Amino acid sequence: MKHRISRTILMCAVVLIAAAAPKAFSYAYNPWTGSTGAMKLAVNPFFYSPTFSPFVPTFDLAAAYGVTANFDVIANFATLSFPATGFAYGGSWVMPRFDIGGNNIFALQIKYTPAGAAFTFDIVPQYHFFWENDYFAAEANVYMDVPIASAAPNVPYVKFGAYLAPVVKVIKDLFYIYCEIDPAVTSGISSAVQSKFELVIVPGVTILLGGATHQLSIAVPLGNVMTVTYNTVGAVTPGLSIWYWTAFDFGGGKK
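Calculation criteria
- Residues numbered from 1 in each chain as written.
- Predicted model: local features only at pLDDT ≥ 70, side-chain atom pairs only at ≥ 80, totals over all residues.
- Heavy atoms only, no water.
- Helix = DSSP H or I, 4+ residues; strand = E, 2+ residues; numbered from the N terminus.
- Buried < 20%, exposed > 50% of the residue type's maximum accessible area, 1.4 Å probe, protein only.
- Contact = heavy atoms within 4.5 Å.
- Areas by Shrake-Rupley, 256 points an atom, 1.4 Å probe, with all protein chains shown as cover.
- Pairing = 2+ DSSP bridges.
- Phe/Tyr/Trp six-rings, centres within 6.5 Å; stacked < 30°, edge-to-face > 60°.
- Patch = residues over 30% accessible without salt bridge, like charges linked within 9 Å, V, L, I, M, F, W, Y side chains within 5 Å.
- Salt bridge = Lys/Arg side-chain N within 4 Å of Asp/Glu carboxyl O.
- Polar contact = N/O pair within 3.5 Å; in protein donor to acceptor, adjacent residues only side chain to side chain.

A.B. asks: Explanation requested: the overall build of the chain in the structure shown.
C.D. replies: For the chain, the count of helices and strands is 1 helix and 16 strands. Considering the chain as a whole, with its 255 residues, one finds that 38% of them fall into the buried category. Contacts spanning at least 24 positions in sequence make up 49% of the contacts within the chain whose residues lie at least 6 apart. Accessible surface computed for the chain: about 13500 Å², of which carbon and sulfur atoms make up 72%.

What follows is the structure, encoded as structure tokens:
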């Protein structure tokens, strides 16, 4: 009986440890979840177009590096788009993140965005969280976007938003589906900026290969599911979003 109880306790401990173990990366399109890992370099290019008409091919050249097991830095070196009028640079950002344990990550994103001959610098404090078991996962990012310097019109403002994504593991470690919900509220500080509420829905699938060492997310974001500005509601605008993720270990597997 004593040995049976000991085995039961051991099995429960293994299950709890496995449930708390961090996964390799996000499953849904927008949320950032999971630490990169000590001395690991992850490449994570994005390809998307906010709408199909017009279709504007856009690339985010994103990558991440894990300085320690609990501290990493994600950067988008450049957003590059190719509208009908030609090439356009859409900005860059960097985001250091610290994992305090229990799948809780605090991050600070610093963004540079050109606006014609003008620009804005924003700081975006964020909270990242995920939970998963063998059948489901839940991912969440919450953020507050605050401009700290600008030469562009229609500033200042403060934007509060979230990326919330339930995930169903249709085939474990191979094929997942999700429906991401992205609400946001922009609050104008000056009369030049209109306060508004936005809701984007992002259904998509994630494919995992090589034991999740390669991940591909394909989504069809539905913009303007609800956009309310002074009681004016916009029309839904479908688009296309894809990212790819893989990582290289420079620490010999050390944590």
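A.B. asks: For this particular structure, what's the right way to read the pairing of strand E12 (residues 214-219)?
C.D. replies: A regular strand carries its side chains on alternate faces of the sheet. Along E12, the buried face is formed by Gln215, Ser217 and Ala219; none of His214, Leu216 and Ile218, which line the opposite face, is buried. With 6 bridges joining them, strand E11 (residues 196-209) and E12 adopt antiparallel strand pairing. Paired with Gly204 across the two strands is Ala219, which belongs to E12. Counted along the chain from E11 to the antiparallel partner E12, the turn is 4 residues long, and its residue Gly210 has a positive phi close to 60°. The sheet contact formed by E12 and strand E16 (residues 240-249) spans 6 bridges and is antiparallel. Paired with Gln215 across the bridge in E16 is Trp245.

A.B. asks: Where do I start with the packing of aromatic side chains in this structure?
C.D. replies: Each aromatic ring pair is described using two quantities: the centre-to-centre distance and the angle formed by the ring planes. Per the stated rule, a full pass over the model turns up 15 aromatic pairs. When the ring of Trp32 is compared with that of Trp93, the centres are 5.8 Å apart and the planes differ by 80°; the resulting orientation is edge-to-face. Taken together, the residues Trp32 in the loop between helix H1 (2-20) and strand E1 (40-43) and Trp93 in strand E5 (residues 88-101) connect sequence positions 61 residues apart. Both residues of the pair, Trp32 and Trp93, count as buried. On the numbers, 5.2 Å between centres and 45° between planes, the contact of Tyr112 with Phe121 is tilted. Residue Phe121 is classed as partly exposed on the basis of its relative accessible area of 33%. Here the aromatic residues Phe47, Phe52, Phe55, Phe59, Phe82 and Phe87 are joined through ring pairs into a cluster of three or more.

A.B. asks: Honestly, a nonpolar patch on the surface in this entry has me stumped. Any pointers?
C.D. replies: Together, Met39, Tyr65, Val67, Phe71, Phe98, Ile100, Phe106, Phe248 and Phe250 make up a nonpolar patch on the protein surface, roughly 860 Å² of accessible area in all. Considering the arrangement of structural elements, one finds Ile100 in strand E5.

A.B. asks: Please explain the pairing of strand E3 (residues 58-66) as it appears in this structure.
C.D. replies: The pairing of E1 with E3 spans 3 bridges and is antiparallel. Considered in E3, the bridge of Val43 is made with Ala63. Here strand E2 (residues 46-49) pairs with E3 via 3 bridges, running antiparallel. In the strand pairing of E3, Phe47 is matched with Phe59. Bridge analysis of E3 against strand E4 (residues 71-81) gives 8 bridges, and the strand direction is antiparallel. The partner of Phe59 across the bridge, within E4, is Leu80. Where E3 hands over to E4, the hairpin turn is made up of 4 residues, counted between the paired strands.

A.B. asks: Would you explain the side chain of Asp72 in this entry?
C.D. replies: Within the element layout of this structure, Asp72 appears in strand E4. Asp72 gets classed as buried once you look at its relative accessible area, which sits at 2%. A polar side-chain atom of Asp72 sits 2.8 Å from a polar atom in the side chain of Arg97. Non-local contacts of Asp72, meaning those with residues more than four positions away in its chain, are made with Gly34, Ser35, Thr36, Tyr65, Gly66, Val67, Met95, Pro96 and Arg97.

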